[in-house]
Structures are given as structure tokens and as C-alpha cells.
Amino acid sequence: MIESRPRSSNAREVAEELRRRRCFVMVSHVKPDGDTLGAGFALGIALKRFGKRVLYFQQDAVPRNLRFLPESNLVTARLPADLPDDALYVFCDMSDWRRAGDRLPAVLRENMLDIDHHLGNALFGKLNFVLENECSTGCVVVHLLRELGAPIDAAIATCILTTIMTDTGGFMHSNTTPEALELSAQLMRLGADKEKITQEVFLRKRVAATKLLGRIIAAMAFEHDGRYCYSYVDDAMLAQTGADGEDTEDVVNVLLGQDGVDVAALFKAIDGEIRVSLRSNGAVNVQAAAARLGGGGHFRASGLTFDGRLPEAFEGVERALIAEGL
Ligand code: AMP
Ligand code: MN
Ligand code: MN
């Protein structure tokens, strides 16, 4: 049988589906960030206000710096047995449902809604609401809230502003459009707690994290006339500093920030796998480079999981970057 070609949906179609269903599972991607969680919480809160039943699936723990988010205490890796057959699984901020991890029970395509802003989204859902020009999945959710006529209260506003601030790196990345800033201003007027987000997500660091940062900086290497900077973190460095994987988020931006650097990579050899974060200042498409190795993301920010050992990962990633013009 020939599968019908997946397609993008419009806000009206998605809103109709949301009105029709009674039970929802908001699904966030592994190693969750502020966008995947904030987008799901914002829509989840709005749906609850319409009397719907909402659960939040996440197979990893909520990172310490995102536990201030409303609903974060409700996140679970174990879904109850009494979910109706027509529960809608809402995948937020992932181009492929597999990014939800291997602990999510099998879900029929019929029951998948895909809400995202990544390049090259696989359009894996029954409905796919993907807006590549939005800076965060939370901004994509705002279109749905408007279509639903759902009021944005302070809790929802804080969730959405978190998605914007995390995915724009605190309004610094090139995806910080005038529209993103205007929406952020509106969200602050609606009660979004920008100070809390700034403190929790960007400013407060554990001492162990700062010590780890020092180790990663000490291990920086430069190639291609200084245009490519990479470094790594492994289990031993975590043990020596008392830090953990959560403390490695954002460190790749320090590498990209070094004078003369166009592309940066941070290799995280933690718990038996190597996850690679790639960042670009626009000269090289790191989404395409990551896609060559089974990963994905955006033009200037992408990631992948490398199957192999660290020296092979260094080589494989450099080769993929060279193929994309490094
Ligand atoms: P990170 O470096 O983990 O902050 O990820 C940067 C971007 O790449 C985000 O948009 C992620 O969703 C995406 N990304 C990270 N890892 C993967 C992966 N293994 N597969 C697809 N996309 C990924
Ligand atoms: Mn994300
Ligand atoms: Mn995102």
C-alpha cells in the first residue's frame, strides 16, 4: 500500500482536533530543554482550562534549572494504564517522534500531533503543525492558543517566554526576530516572570558547573585556521568536578564565542554514549552536517548522537562539517 504523503496542517485543523479529543499526552524530547517542556506545558495548561485531561511524558528528569516551570512537578516517564484509545500524543519541538526516547509506549500515527519549528521535520503525525520561521516551538503553540481562543494567563505566559528565551539564548541568537521580541513584550504584560527565567536558566550556576567549564575550556582545540573550535567532556571530568550532564548545556556557545571561530562542537561522552552539540555563526549549515550523521536541528544549532569512540567522533564530525563547507 502506498502511504499518503505527509503534509503540514493549518492552525484551524489542529484546533479542531484539539477540541475533539478529551485526553492528551504532551511529549517532550530526551534531555529536555526549555522549549520542548515550556511549549508542552503552555498548551497543556490551556487544554486543562477547557476541561481536558492532560499528562506530561518525559523519559529523563526535568533539568534543575527548569523546575521553576509550572507543571514541571507533573512530568512522568510512566503513563497510567487507563488512557483512552483516542488519547492524542502531542510531540513538541522534535523533527522525529524517535527523539521522545525509547520509553514512550507505541503510539499510532492516528494519535500523533507534531508541533515544531525544526528544519526538515519528518511530518510524522496525523497532523503536523510546523513553522520553521518561528524561534521556538512555544511560539508555534501561541498560534494554536489564538485559534482556540484560549486566554494566556501568567503561568502560560511564563512557559512561552521560557521557550523564547532558551531557544534564542536570552534574545542573543539570530532567530531573535522583531516578532519574537514583540511577543515577549506581550507575554511580560500578561505576567510572564522574566526575572525568574533569567535567574534560573541563565545566571545561577552550580560551582561544580563552573569548574567543569574550566576543564572544557582547558581542553579546547582549534582547527581550520582557528575557524573550528571543539572540546569534550567525559565521565571522568564530571566525577572530578562533581558536575553532571545538565551542567554541559550552553557550554558549546562559549566555544563558538572565541575570536575567529565560525563553527564549534562539544562532544559529550557521558554514560556510554557520545552526544555532540554543534553551533555555527552562519558560515556553515550545522543542521546539514548533523543530518549526515543521523542528527538534526537548525542552521546554526544542531546535535547528534555518535555511535563509536571519541577519536572517531572527532574525525566523523569534522568530515561532516568539511562536507558542508567548513
Ligand atoms: P543541543 O546541542 O542539544 O542544544 O541541540 C541543538 C539542536 O539540535 C536542538 O534544536 C535539538 O533539537 C537538535 N538536536 C540535538 N540532538 C539531536 C539529535 N540527536 N537528533 C536530532 N536533532 C537533535
Ligand atoms: Mn529542543
Ligand atoms: Mn526548539
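My aim in this report is to walk through the structure given alongside it, one point at a time. (Residues numbered from 1 in each chain as written. Chains lettered and ligands numbered in written order. Predicted model: local features only at pLDDT ≥ 70, side-chain atom pairs only at ≥ 80, totals over all residues. Heavy atoms only, no water.)

1. Concerning the sheet that holds strand β6 (residues 127-130)
In spatial order, the strands read β3-β2-β1-β4-β5-β6; together these six strands make up an open sheet with parallel pairing. The strands lining the two open edges of the sheet, one partner per strand, are β3 (75-76) and β6. When strand β4 (residues 88-92) meets strand β5 (residues 112-116), the two strands line up parallel, connected through four bridges. Each bridged residue has a counterpart across the sheet, and for Y89 the counterpart in β5 is M112. Across the sheet, helix α1 (residues 11-20) is in contact with β1 (23-27), β4, β5 and β6; its angle to β6 comes to roughly 130°. Together, β4, β5 and β6 form the strand contacts of helix α3 (residues 137-148), whose direction differs from that of β5 by roughly 115°. (Pairing = 2+ DSSP bridges. Helix = DSSP H or I, 4+ residues; strand = E, 2+ residues; numbered from the N terminus. Contact = heavy atoms within 4.5 Å. Axes fitted to C-alpha atoms, helices over the stretch in contact; angles between N-to-C directions.)

2. Concerning the environment of M220
Tracing the backbone through its elements, the reader meets M220 in the loop between α7 (207-218) and β7 (221-223). For the pair M220 and L266, spaced 46 residues apart in sequence, the C-alpha to C-alpha distance is 9.3 Å. Those residues in contact with M220 that sit more than four places away from it in its chain are C229, Y230, S231, L255 and Q258.

3. Digging into the pairing of β1
Taking burial as the measure, the five residues of β1 include five buried ones, the bulk of the element. Going residue by residue along β1, you find C23, V25 and V27 tucked away on one face and F24 and M26 tucked away on the opposite face as well. In the sheet, β1 pairs with strand β2 (residues 53-57) via five bridges, with the strands oriented parallel. Bridging across to β2, V25 finds its partner in L55. This β-α-β element, β1 to helix α2 (residues 34-49) to β2, shows right-handed connectivity. With four bridges connecting them, β1 and β4 associate as parallel partners. Bridging across to β4, V25 finds its partner in Y89. (Buried < 20%, exposed > 50% of the residue type's maximum accessible area, 1.4 Å probe, protein only. Right-handed = clockwise from strand over helix to strand, strands pointing away.)

4. Description of the coordination of the manganese ion (ligand 3)
Within the first shell, the manganese ion (ligand 3) binds the protein through D35 (OD), D93 (OD), H117 (NE2) and D167 (OD), at distances of 2.1 to 2.2 Å. Within one chain, the residues donating to the manganese ion (ligand 3) are spaced in sequence as D-x57-D-x23-H-x49-D. Here the manganese ion (ligand 3) and the manganese ion (ligand 2) are spaced 4.0 Å apart, linked through D93, which binds each one. Separated by 132 residues along the polypeptide, D35 in helix α2 and D167 in helix α4 (residues 154-167) bring together distant segments of the chain. The exposure class assigned to D35 is buried, which follows from its relative accessible area of 0%. (Donors = N, O, S within 2.8 Å, 3.2 Å for Na, K, Ca; no water.)

5. Notes on the site of ligand 1
The immediate surroundings of ligand 1 are formed by 13 residues, with H118, S277, R279, G296 and G303 found nearest. Side-chain polar atom of H118 to an oxygen atom of ligand 1: 2.8 Å apart, as the coordinates give it. G303 places a polar main-chain atom, nitrogen or oxygen, 3.1 Å from an oxygen atom of ligand 1. In isolation ligand 1 offers 470 Å² of accessible surface; the protein chains occlude 80% of this area. Among the elements of the structure, β10 (273-280), β11 (296-297) and β12 (301-306) are those that each provide at least two residues to the shell around ligand 1. Broken down by element, the shell around ligand 1 gets its largest block of residues, five residues, from β12. Here the shell around ligand 1 is composed, by residue class, of two nonpolar, nine polar and two charged. (Near = heavy atom within 4 Å. Polar contact = N/O pair within 3.5 Å; in protein donor to acceptor, adjacent residues only side chain to side chain. Areas by Shrake-Rupley, 256 points an atom, 1.4 Å probe, with all protein chains shown as cover. Nonpolar A, V, L, I, M, F, W, Y, C, P; charged D, E, K, R; others polar.)

6. Thoughts on α3
The terminal C-alpha atoms of α3, which comprises 12 residues, lie 17 Å apart, in line with the 16 Å expected from a rise of 1.5 Å per residue. Most of α3 is tucked away, with nine of its 12 residues classed as buried. Sitting at the head of α3, S136 places a side-chain oxygen 3.3 Å from the backbone nitrogen of G138. (Expected span 1.5 Å × (residues − 1).)

7. Considering the coordination of the manganese ion (ligand 2)
Distances from the manganese ion (ligand 2) to its protein donors, H29 (NE2), D33 (OD) and D93 (OD), fall within 2.0 to 2.3 Å. Donor residues binding the manganese ion (ligand 2) come from one chain and are separated in sequence as H-x3-D-x59-D. Judged by relative accessible area, which is 3%, H29 ranks as buried.

8. Remarks on the nonpolar core
L18, L43, V90 and L187 are the most contacted members of the largest nonpolar core, which has 51 residues in total. No other element matches α2, which puts eight residues into this core. (Core = buried A, V, L, I, M, F, W, Y, C linked by side-chain atoms within 4.5 Å.)

9. Points about empty space enclosed by the protein
Applying the stated criterion to the full structure yields one cavity of 30 Å³ or more. For the largest cavity, the calculated volume is near 60 Å³. Every residue lining the largest cavity is listed: M26, V27, S28, T36, L37, G40, F41, Y56, F57, Q58 and V75. Looking at the lining of the largest cavity, its residues break down into seven nonpolar, four polar and no charged. (1 Å grid on protein atoms, 1.4 Å probe; cavity = no way out; pocket = protein on both sides within 12 Å on 5 of 7 lines; lining within 4 Å. Points joined across faces, edges and corners; volume = space filled by probe spheres on them.)

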